[in-house]
Amino acid sequence: MTPARHPNFDPLGRDPGSHRAGEDEGVLCVEDWAEIRRLHRAEKMPIKVIARVLGCSKNTVKAALAADRPPKYSRPAAGSIVDEVEPRIRELLAVYPTMPATVIAERIGWERSIRVLSGRVAQLRPAYLPPDPSSRTSYVAGEIAQHDFWFPDIRLPVGYGQIRTATQLPVLTMILGYSRWLSAMLIPTRTAEDLFTGWWEHVHTLGAVPRVLVWDGEGAVGRWRGRRSELTAACQGFRGTLGAKVVILRPADPEAKGLLERCHDYLERSFLPGRSFASPTDFNTQLAGWLAVVNQRRRRALGCAPIDRIVADKAAMLALPPVAPVIGWHATTRLARDHYVRLDSNDYSVHPGVIGRRVEVVADLERVRVHCEGQLVADHQRIWARHQTLSIPEHVAAGRALRRERIGLVRPAREPEVEIRCLADYDTALGLDDITDSVDVTGITGTADGGGVAS
């Protein structure tokens, strides 16, 4: 049984005489609303007693018990200065849904604050312009891999006193959609030969082929033309060997490659700071060590690390092709007399014994090799510097020996015989014979008047 209470008892500890006398009892604060519901449900007080204890009307108590949420004060909406021009705004948006608010202000002669008008235009525009929701991409195991180039802000020594900058040294990156497994490698150029060599290196190291390979309009891979993607002949041959699909993203669609864009930003913030690099090999060594750690870090979006998903991701991919695709540099030429071949602005020596014969030049990211009829005649380490000449001492010595042998075989031509004529023949031809006979030129003494006597 509920114990009797004093008539002047106030559960809130307030003086009943001071309880908002004369105020509008229809307006109830949250504190009173909560206390009314407590007294009625916990203390089992009747409505009449609650009204007497709290000093409010029974209708106020009934309204508090009927409400399922706390009372909230709301002010009636006031009119806006934009209301009178809203019909004109709607007319313009119905014809031109993308018309900017500044242009609308000019058309309707708006002379007040543009912020008030632009806010109303933003509220009305969705009714006339179809929404543009962003697509949320989900990935299944083995489905997709994104590729792109990252250009680190570095100055990297490449030998021979040369330094190459970010715009000249691309890093080929690849990330798997399901596992977020990241791969990256610095390559010499963006040419098709180096790009596909690095691409195959990523796939071969992974040990499986993703079913869909995504690129962002790289010139050596493909482009959008005539509202459809168009792959290059080299890319068609590469993907045909892999048995995969290559997708070129539409222009101005950065959301489709967001995974890799975030990875590039992560490389900028986490990998580069505080590092220095002595050579391209040193850069790739440090990058590989960093990736080995990163792929073991937990990703918030996955709830685990990429290494925890990579096994399932690779199991759903295609197997590696039995024959590797044709990649790298391939050229056939007739070896000239200087016995050098040119690759990427650099000259590499070849054994001079095959001068004048057809040779095949094969190069990848590491080596430059030359074959002649299946025989290796040159093997160089590929350099990343520009406009250099690389000579193997054995080739230079062989060239000197062949030149000496050639000189010994080819004899010099004999000099022609020239007739030696008598000097008197020239005197006869010039008519000097008579003068010589009449004057003895062996003893003539000059005089002052120009005459002379014989001694």
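Everything numeric in this text was worked out from a predicted model, so none of it was measured.

Examining the overall build of the protein chain
Here is step 1: The helix and strand inventory of the protein chain stands at 14 helices and 16 strands.
Here is step 2: The proportion of buried residues among the 455 residues of the protein chain is 35%.
Here is step 3: Intrachain contacts of the protein chain at a sequence separation of at least 6 include 62% that bridge at least 24 residues.
Here is step 4: Roughly 28800 Å² of accessible area belongs to the protein chain as shown, and the carbon and sulfur atoms make up 52% of that amount.

Remarks on a positive patch on the surface
Here is step 1: Judged by side-chain charge, Lys48, Arg52, Lys58 and Lys62 come together as a positively charged surface patch.
Here is step 2: Elements supplying a minimum of two residues to the positive patch: helix H2 (47–54) and helix H3 (58–66).

Quick notes on helix H7 (residues 192–206)
Here is step 1: For H7, spanning 15 residues, the distance from its first C-alpha to its last is 21 Å, which sits close to the expected 21 Å at 1.5 Å a residue.
Here is step 2: Among the residues making up H7, those that are buried are Asp194, Leu195, Phe196, Thr197, Gly198, Trp199, Trp200, His202, Val203 and Leu206.
Here is step 3: Positive backbone phi, approximately 90 degrees, marks Gly207, located one or two places after H7.

Some thoughts on the sheet that holds strand S15 (residues 375–381)
The pairing of strands in a sheet comes from backbone hydrogen bonds and takes either a parallel or an antiparallel form.
Here is step 1: Across the sheet, four strands lie side by side as S10-S13-S14-S15; this open sheet has antiparallel pairing. Of all the strands in the sheet, the pair left with one neighbour each is strand S10 (329–334) and S15. Geometrically, the sheet is characterised by an average inter-axis angle of 20 degrees between neighbouring strands, direction not taken into account.

Some remarks on the packing of aromatic side chains
Here is step 1: For the coordinates displayed, the defined rule picks out eleven aromatic pairs.
Here is step 2: Aromatic side chains Trp199 and Trp215 sit 5.5 Å apart centroid to centroid with 70 degrees between the ring planes, which places their arrangement in the edge-to-face category. Taken together, the residues Trp199 in helix H7 and Trp215 in strand S6 (residues 212–215) connect sequence positions 16 residues apart.
Here is step 3: Judged by its relative accessible area of 0%, Trp199 falls in the buried class.

Focus: the sheet that holds strand S11 (residues 340–343)
Here is step 1: In spatial order, the strands read S11-S12-S16; together these three strands make up an open sheet with mixed pairing. Of all the strands in the sheet, the pair left with one neighbour each is S11 and strand S16 (389–390).
Here is step 2: Pairing of strand S12 (residues 346–349) with S16, which is carried by two bridges, proceeds in the parallel orientation. By the bridge assignment for S16, Asp347 is matched with Thr389.

A look at the side chain of Arg120
Here is step 1: Within the secondary structure layout, Arg120 lies in helix H6 (residues 114–124).
Here is step 2: By relative accessible area, Arg120 is classed as buried at 15%.

Some details on the packing of helix H4 (residues 86–95) against helix H5 (residues 101–108)
Here is step 1: Where H4 meets H5, the closest approach of the two axes is 11 Å, and the angle between their N-to-C directions is 125 degrees. Classed by the angle they form, the pair H4 and H5 counts as oblique. Two packed elements cross with a definite hand, and for H4 against H5 that hand is right-handed. Where H4 abuts H5, its residues Arg88, Ile89, Leu92 and Leu93 lie against Ile104, Arg107 and Ile108.
Here is step 2: Looking at the contact of H4 with H5, its residues break down into five nonpolar, no polar and two charged.

A look at the side chain of Thr60
Here is step 1: Here Thr60 lies in helix H3.
Here is step 2: Reaching out from Thr60, the side chain makes a polar contact with the side chain of Ser57 at a distance of 2.9 Å.

So, the environment of Lys44
Here is step 1: Checked against the element boundaries, Lys44 lands in the loop between helix H1 (30–41) and H2.
Here is step 2: One polar contact links the side chain of Lys44 to the main-chain carbonyl oxygen of Arg41, over a distance of 3.4 Å.

Structural notes on the packing of H5 against H6
Here is step 1: The N-to-C vectors of H5 and H6 enclose an angle of 110 degrees; their axes lie 9 Å apart at closest approach. As far as their axial angle goes, H6 and H5 are roughly perpendicular. In contact with Ala101, Thr102, Ile104, Ala105 and Ile108 of H5, H6 contributes Ile114, Leu117, Ser118 and Val121.
Here is step 2: In the contact of H5 with H6, the residues fall into seven nonpolar, two polar and no charged.

Focus on the pattern of salt bridges
Here is step 1: Using the criterion set out here, one finds 18 salt bridges in the structure.
Here is step 2: In this structure, the salt-bridge partner of Arg225 is Glu230, at a minimum N-O distance of 3.8 Å.
Here is step 3: For Arg225, a relative accessible area of 49% translates into the label partly exposed.
Here is step 4: Given the relative accessible area of 31%, Glu230 is considered partly exposed.
Here is step 5: Taking the shortest distance from any N to any O, the salt bridge between Arg269 and Asp265 comes out at 2.8 Å. Of the two residues, Arg269 and Asp265 both sit in helix H9 (residues 258–271), four residues apart, roughly one turn of that helix.
Here is step 6: Accessibility expressed as a relative area gives 54% for Arg269, which makes it exposed.
Here is step 7: Of the residues examined, Asp265 reaches a relative accessible area of 39% and is grouped as partly exposed.

Examining the pairing of strand S5 (residues 182–186)
Here is step 1: Counting buried positions over the five residues of S5 gives five, a clear majority of the element.
Here is step 2: On S5, burial covers both faces: Leu182, Ala184 and Leu186 on one face and Ser183 and Met185 on the other are all buried.
Here is step 3: Inspection of the sheet shows strand S4 (residues 171–176) paired to S5 by five bridges, in the antiparallel sense. Its bridge partner being in S5, Met174 is matched across the sheet by Ser183.

Cut-offs and rules
- Residues numbered from 1 in each chain as written.
- Predicted model: local features only at pLDDT ≥ 70, side-chain atom pairs only at ≥ 80, totals over all residues.
- Heavy atoms only, no water.
- Helix = DSSP H or I, 4+ residues; strand = E, 2+ residues; numbered from the N terminus.
- Buried < 20%, exposed > 50% of the residue type's maximum accessible area, 1.4 Å probe, protein only.
- Contact = heavy atoms within 4.5 Å.
- Areas by Shrake-Rupley, 256 points an atom, 1.4 Å probe, with all protein chains shown as cover.
- Patch = residues over 30% accessible without salt bridge, like charges linked within 9 Å, V, L, I, M, F, W, Y side chains within 5 Å.
- Salt bridge = Lys/Arg side-chain N within 4 Å of Asp/Glu carboxyl O.
- Lys, Arg positive; Asp, Glu negative; His and termini not counted.
- Charge placed at Lys NZ, Arg CZ, Asp CG, Glu CD.
- Expected span 1.5 Å × (residues − 1).
- Pairing = 2+ DSSP bridges.
- Axes fitted to C-alpha atoms, helices over the stretch in contact; angles between N-to-C directions.
- Phe/Tyr/Trp six-rings, centres within 6.5 Å; stacked < 30°, edge-to-face > 60°.
- Parallel < 35°, antiparallel > 145°, perpendicular 65-115°, else oblique.
- Left-handed = near helix turned anticlockwise from the far one by under 90°.
- Nonpolar A, V, L, I, M, F, W, Y, C, P; charged D, E, K, R; others polar.
- Polar contact = N/O pair within 3.5 Å; in protein donor to acceptor, adjacent residues only side chain to side chain.

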